[in-house]
Amino acid sequence: MADNESGAGGFGWFLAGLGIGALVGVLYAPKSGKETREELVARSLDARDKANELYNQSVEQAGQYLQQGKEAATQYVGKGKEAAAQYVDKGKEYYDKGRTQWTQYVDKGKDLIQTQAEAVQAAVDAGKEAYVKTATAPEPTSNS
């Protein structure tokens, strides 16, 4: 019910009460028709002025609410930007850390491959040398 008392609802009830009050005033007025009409005109003008005043207050209050909404939205956007920047920075940090580790693993892999290649080459050279020694060595004679 509190919602109906503010804004357009409150203004509607005000106008309804004003109309009922004016009608009751006319019915019970001990004045002549001309005086009653003049008083009705005066009260109507007062009611119009009061309605304009309420309208202007409503417009001003709506402007204040709009400004508060804009300020709140600006604050939330700023907080969102800060949070996003933090996540971007954290992502860059993890990317750099991963890249460094990847580079280290690649370098270790290259070293391992180089070591293994050297070991294989040494084994091949030893095999060739053993083959050459065996192929050029005199054949043993059999004493049977």
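These numbers were taken from a predicted model, which means no experiment stands behind them. (Residues numbered from 1 in each chain as written. Predicted model: local features only at pLDDT ≥ 70, side-chain atom pairs only at ≥ 80, totals over all residues. Heavy atoms only, no water.)

**Observations regarding the overall build of the protein**
The following threshold applies: Numbered from the N terminus, helices here are DSSP runs of H or I no shorter than four residues, and strands are runs of E no shorter than two. Buried, partly exposed and exposed residues are distinguished by accessible area as a fraction of the type maximum, computed with a 1.4 Å probe on protein chains only: under 20%, between the cut-offs, and over 50%, respectively. Only the protein chains shown count as cover for residues, and all accessible areas are computed by the Shrake-Rupley method using a 1.4 Å probe.
For the protein, the count of helices and strands is two helices and zero strands. Evaluated residue by residue, the protein yields a buried proportion of 3% over its 144 residues. As presented, the protein carries roughly 12700 Å² of accessible surface, and 59% of it is formed by carbon and sulfur atoms.

**Describing the environment of phenylalanine 11**
Note the threshold: By the convention used here, residues are in contact when the closest approach between their heavy atoms is within 4.5 Å.
Relative to the assigned elements, phenylalanine 11 resides in helix H1 (residues 7–27). The exposure class assigned to phenylalanine 11 is partly exposed, which follows from its relative accessible area of 30%. Between the C-alpha atom of phenylalanine 11 and that of leucine 54, which follows or precedes it by 43 residues, the distance is 7.5 Å. Sequence-distant contacts of phenylalanine 11, that is, excluding residues within four places in its chain, are made with Ala51 and Leu54.

**Considering a nonpolar patch on the surface**
Condition: Residues enter a patch when their relative accessible area is above 30% and they make no salt bridge; the linking distance is 9 Å between like charges and 5 Å between nonpolar side chains (Val, Leu, Ile, Met, Phe, Trp, Tyr). Here, a salt bridge means any Lys or Arg side-chain nitrogen found within 4 Å of an Asp or Glu carboxyl oxygen.
On the surface, Ile20, Leu23, Val24, Leu27 and Tyr28 cluster together into a nonpolar patch covering about 590 Å² of accessible area. Tracing the backbone through its elements, the reader meets leucine 27 in helix H1. Classification of leucine 27 as exposed rests on a relative accessible area of 62%.

**With respect to the pattern of salt bridges**
Applying the stated criterion across every chain yields a total of two salt bridges. When the shortest N-O distance is used, the salt bridge between arginine 48 and aspartate 49 registers 3.9 Å. Given a relative accessible area of 48%, arginine 48 falls into the partly exposed group. Close ionic contact of lysine 133 with glutamate 129 constitutes a salt bridge, the shortest N to O distance being 3.6 Å. With lysine 133 and glutamate 129 both in helix H2 (residues 33–136) and four residues apart, this pair spans about one turn of that helix.

**Examining the confidence of the model for the protein**
Rules: pLDDT gives the predictor's per-residue confidence on a scale running from 0 to 100.
On average, residues of the protein carry a pLDDT of 84, and 88% of them reach 70 or more. With pLDDT under 50 throughout, residues 1–5 is counted as low confidence; its partners more than four residues away or in other chains account for four contacts.

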